[in-house]
Protein chains: 2
Amino acid sequence: MNKICELFGIQYPVIQGGMIWCSGWQLVSAVSNAGGLGLIGAGSMYPDVLREQIRKTKSATDKPFGVNVPLLYPNIDEIMQIIVDEGVGIVFTSAGNPKSWTHFLHENGIKVAHVVSNSKFAVKAEAAGVDAIVAEGFEAGGHNGREESTTMVLIPAVRKVTNKPLIAAGGISSGRAMLAAQILGADGVQIGSRFVASEESSAHENFKQAIISAQEGDTNLVLKKLVPVRLLRNDFAKQIELAEAEGKTSAELAQLLGRGRAKLGMFAGNISEGELEIGQASALIDNILPVKTIFRGIIEEYDMVKDSFKNEPFF
Amino acid sequence: MNKICELFGIQYPVIQGGMIWCSGWQLVSAVSNAGGLGLIGAGSMYPDVLREQIRKTKSATDKPFGVNVPLLYPNIDEIMQIIVDEGVGIVFTSAGNPKSWTHFLHENGIKVAHVVSNSKFAVKAEAAGVDAIVAEGFEAGGHNGREESTTMVLIPAVRKVTNKPLIAAGGISSGRAMLAAQILGADGVQIGSRFVASEESSAHENFKQAIISAQEGDTNLVLKKLVPVRLLRNDFAKQIELAEAEGKTSAELAQLLGRGRAKLGMFAGNISEGELEIGQASALIDNILPVKTIFRGIIEEYDMVKDSFKNEPFF
């Protein structure tokens, strides 16, 4: 049996990335009901909002689901306690040291996966005792590693140093890409952008429309002097690019960024001035669909390619 | 039969990238003799040197081989005439408009492949009548596209717009990656970095040693204000990174770059001050081997993964 399916008790090794402003209970429960693993994106939620979202998810699905927690979250103790109190069984941690919370979560019977962008951190995550590792490549949306290793190189590099259940992320939006990621050494995949452009995601309709219009080269990894983040190249992102080309300092860039840009863009729908976190896979996405349809499409394509491939003489 | 094998009359759909300072007759003939397609890298050769290299290759193999020609080469007319006069059957063009030479080459019975970094240029290449398209992702070494699309996203994007024989490049150094690229939609692969670190490549021994020492994050795409190029992050590359962070202009960067840096690093072996063009796959390469051994390793891994995969229940 597939390691990821076994670990999380799910039907397909497909994780929906726990993305800020996009991953509320509707998306999460739809993905879990379709046989994958939905993740609530706690990074954009006040503690009370998270509690409410967990409860709503529980009432919308009896399948396993989880919460993604960026470890630099200010109210982290409160967040972790809510997760325990509400009986969530799975936590994906990112942006921080996996040592700090893995033990606590395990003591409370919670499975832990940790997101990394290089093989050194994968080794550290394994040493911290996590149950699974997510390796996220340069092409992924949102916050991203400084090494800029792409999924094609990162997955074999991480697979070389660990036998832990491995989830590939970055550039994956189809059954074909899912199969390629497994060939590269992953056990399962985490899919972000494709699920943002779903009917159930809490992304603003304007943001969804911008995603399906995006072409190759329409995202860029910016703010490398602060924390690298892949954004859709709207007016705001282009301002940042210009400031970077002029050699603005991290303090100047932080001021230009200001506060609340992600909410402004992704949730409130200000497409020109907001921060629109999305992956390169947006260039391959051209419709907004129900999660069930997206999910079926991925699995059907996966099976089709796998079957055709058994007979096809590649050379 | 595989489209790339059929087109070029080779046994395996594996192309060795025609890399400046690394791809002389020894490497090219070794790859062609192993059943792939070797490409002479004309970009670093004076016309007379190219003629000599073609003749030496012909005397070292009776298998098909080709020449890679950057179309911005100053002596392009002379180069193309030499290729025709010497009876070379295959040309890979890059860095320029495929319209300019495809017709001339076809008239002389030469097969043409053109290198692109996005699907728009793939459409243009097809319209220009090329026989095959190489789509090269962000992780590739040397000169690179402005869109920064990675192989994982670029191959499906190009496959969507063309049915031409498609060769994937960027991040591919193993049989596993070759199979993944085919799953993504490619017919064959172009491999660069792995062949630079071969016994037969004309890269300086110091450069080869630097490649096998390289880890994730040790290459970076720099000089985006001029022409983006992926380099090993040596003293010179770090100077460039610093100058870029300070907002230096393209003129200032061009001055810092100066002339002859690629030869200095890759051919003369000045590892700190030269330009060392290499791909992210360098992080996965840890030995210098004869081409025959590299080639056998790739094909054996490819077959092994393909076979295991037929029976393995991924989920």
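These figures come from a predicted structure and were not determined experimentally.

## Examining the overall build of chain A
Next up, step 1: A tally of helices and strands in chain A yields 14 helices and eleven strands.
Next up, step 2: Expected size for 315 residues packed as a compact globule is a radius of gyration near 20 Å; at 18 Å, chain A falls within 12% of this value.
Next up, step 3: The proportion of buried residues among the 315 residues of chain A is 58%.
Next up, step 4: Of the contacts formed within chain A by residues at least 6 apart in sequence, a portion of 64% connects residues at least 24 apart.

## A look at the sheet that holds strand β4 (residues 90-94) of chain A
Each strand in a sheet pairs with its neighbour through backbone hydrogen bonds, running either in the same direction (parallel) or in the opposite one (antiparallel).
Residues and elements named next belong to chain A.
Next up, step 1: Ordered by their spatial adjacency, eight strands build an open sheet running β1-β9-β8-β6-β5-β4-β3-β2, and the pairing between neighbours is parallel. Of all the strands in the sheet, just β1 (14-16) and β2 (38-41) have a single pairing partner and so form its edges. On average, adjacent strands in this sheet sit at an angle of 25 degrees to one another, irrespective of strand direction.
Next up, step 2: As defined by bridge partners, β2 adjoins strand β3 (residues 65-70) across four bridges and the pair is classed as parallel. Its bridge partner being in β3, G41 is matched across the sheet by N68.

## Structural notes on helix α2 (residues 25-33) of chain B
All names here are of chain B.
Next up, step 1: The buried fraction of α2 is high, at seven of nine residues.
Next up, step 2: Within the sequence span of α2, burial applies to W25, L27, V28, S29, A30, V31 and S32.
Next up, step 3: Looking one or two places after α2, you find G35, whose phi comes out positive at around 110 degrees.

## Digging into the confidence of the model for chain A
Next up, step 1: In the predicted model, chain A carries a mean pLDDT of 97, and the fraction of residues at 70 or more is 98%.
Next up, step 2: Across the assembled chains, the prediction reports ipTM 0.97 with pTM 0.98.

## Topic: the pairing of strand β9 (residues 188-191) of chain B
Residues and elements named next belong to chain B.
Next up, step 1: The two faces of β9 match: G188 and Q190 on one face and V189 and I191 on the other face are all buried.
Next up, step 2: Relative to β9, strand β1 (residues 14-16) is paired through three bridges, and the arrangement is parallel. Each bridged residue has a counterpart across the sheet, and for Q16 the counterpart in β9 is I191.
Next up, step 3: Two elements, strand β8 (residues 166-169) and β9, share three bridges in a ladder whose sense is parallel. Each residue of the ladder has a partner; that of I167, found in β9, is G188.
Next up, step 4: Remark: the β8/helix α8 (residues 175-184)/β9 crossover connection has right-handed handedness.

## Points about the sheet that holds strand β7 (residues 142-143) of chain B
Residues and elements named next belong to chain B.
Next up, step 1: With antiparallel pairing, three strands are arranged side by side in an open sheet as β7-β11-β10. The outermost strands of the open sheet, each flanked by one partner alone, are β7 and β10 (219-222).
Next up, step 2: Note: β7 against strand β11 (residues 229-232), two bridges, orientation antiparallel. Along β11, the bridge assignment pairs G142 with R230.
Next up, step 3: Strands in contact with helix α11 (residues 235-245) are β10 and β11; relative to β10, the strand with the most contacts, it is inclined by about 45 degrees.

## Points about the relation of the copies chain B and chain A
Next up, step 1: At an RMSD of 0.0 Å, chain B and chain A line up after a rotation of 180 degrees and a shift of 0.0 Å along the axis. The symmetry that links the two subunits is that of a two-fold axis. Of the C-alpha atoms belonging to chain B, the one lying closest to the rotation axis is found on G247 of chain B, 1.8 Å away.
Next up, step 2: A shared binding surface is used by both copies, with 100% of the interface residues of chain B retained as interface residues in chain A.

## Points about the interface of chain B and chain A
Next up, step 1: Taken residue by residue, the interface counts 40 residues in chain B and 41 residues in chain A.
Next up, step 2: Those elements that provide at least two residues to the side of chain B that touches chain A are α7 (151-161), α8 and α14 (291-311) of chain B.
Next up, step 3: No other element matches the seven residues that α8 of chain B contributes to the side of chain B that touches chain A.

## Topic: the pairing of strand β5 (residues 111-116) of chain A
Residues and elements named next belong to chain A.
Next up, step 1: Across the six residues that make up β5, a large majority, five, are buried.
Next up, step 2: In the sheet, β4 pairs with β5 via four bridges, with the strands oriented parallel. Along β5, the bridge assignment pairs T93 with H114.
Next up, step 3: In this region the chain leaves β4, passes through helix α5 (residues 99-107) and returns to the parallel neighbour β5; the handedness of that crossover is right-handed.
Next up, step 4: With four bridges connecting them, β5 and strand β6 (residues 132-136) associate as parallel partners. Directly across from H114, in β6, lies its bridge partner I133.
Next up, step 5: Between the parallel elements β5 and β6, the chain passes through helix α6 (residues 119-127) in a crossover that is right-handed.

## Details of unusual backbone geometry
Trans is the common state for peptide bonds, and a negative phi is the common state for residues other than glycine.
Residues and elements named next belong to chain B.
Next up, step 1: Positive phi values are uncommon outside glycine, yet A95 reaches one of about 50 degrees.
Next up, step 2: Along the polypeptide, A95 turns up in the loop between β4 (90-94) and α5 (99-107).
Next up, step 3: Note on A95: 14 C-beta atoms within 10 Å, which makes it partly exposed.
Next up, step 4: Located in the positive-phi region is L223, a residue other than glycine, with phi close to 55 degrees.

## Quick notes on the nonpolar core
Next up, step 1: Core analysis: the biggest nonpolar cluster contains 212 residues, and I133 and I167 of chain A together with I133 and I167 of chain B have the highest contact counts within it.
Next up, step 2: Not counting the four nearest positions on each side in its chain, I133 of chain B is found in contact with A113, H114, V116, A122, A125, V158, T162, K164, L166 and I167 of chain B.

## Description of the domain arrangement of chain A
Residues and elements named next belong to chain A.
Next up, step 1: Segmentation of chain A into domains returns domain 1 (11-202 + 285-309) and domain 2 (205-281).
Next up, step 2: The centre of domain 1, based on its C-alpha atoms, is set 22 Å off from the matching centre of domain 2.
Next up, step 3: Between domain 1 and domain 2, the residue contacts involve 25 residues of the former and 17 residues of the latter.
Next up, step 4: Elements represented by at least two residues in the side of domain 1 that touches domain 2 include exactly β7 (142-143) and α9 (193-196).
Next up, step 5: Among the elements that line the side of domain 1 that touches domain 2, the one with the most residues is α9, at three residues.
Next up, step 6: Here the side of domain 1 that touches domain 2 is composed, by residue class, of ten nonpolar, eleven polar and four charged.

## Side note on the packing of helix α6 (residues 119-127) of chain B against α7 of chain B
All names here are of chain B.
Next up, step 1: Taken N-terminus to C-terminus, the directions of α6 and α7 make an angle of 40 degrees; their axes are 9 Å apart at the nearest point. Accordingly, the angle class assigned to the pair α6 and α7 is oblique. Remark: the crossing between α6 and α7 carries right-handed chirality. Where α6 approaches α7, its residues S119, A122 and V123 are matched on the opposing element by A157, V158, K160 and V161.
Next up, step 2: Its residues assigned to classes, the contact of α6 with α7 shows five nonpolar, one polar and one charged.

## Some thoughts on helix α7 (residues 151-161) of chain A
Next up, step 1: Across the eleven residues of α7 of chain A, nine count as buried, placing the element largely inside the fold.
Next up, step 2: Of all the positions in α7 of chain A, only T151, M152, V153, L154, I155, P156, A157, V158 and R159 of chain A are classed as buried.

Each value, and the rule that gives it
Residues numbered from 1 in each chain as written. Chains lettered and ligands numbered in written order. Predicted model: local features only at pLDDT ≥ 70, side-chain atom pairs only at ≥ 80, totals over all residues. Helix = DSSP H or I, 4+ residues; strand = E, 2+ residues; numbered from the N terminus. Rg over C-alpha atoms; globule rule 2.2 N^0.38 Å. Buried ≥ 20, exposed ≤ 12 C-beta atoms within 10 Å, placed from the backbone. Contact = placed C-beta atoms within 7 Å. Pairing = 2+ DSSP bridges. Axes fitted to C-alpha atoms, helices over the stretch in contact; angles between N-to-C directions. pLDDT = per-residue confidence, 0-100. Right-handed = clockwise from strand over helix to strand, strands pointing away. Least-squares fit on C-alpha atoms with pLDDT ≥ 70 in both. Core = buried A, V, L, I, M, F, W, Y, C linked by C-beta atoms within 7 Å. Domains from an automatic or database assignment. Nonpolar A, V, L, I, M, F, W, Y, C, P; charged D, E, K, R; others polar. Parallel < 35°, antiparallel > 145°, perpendicular 65-115°, else oblique. Left-handed = near helix turned anticlockwise from the far one by under 90°.

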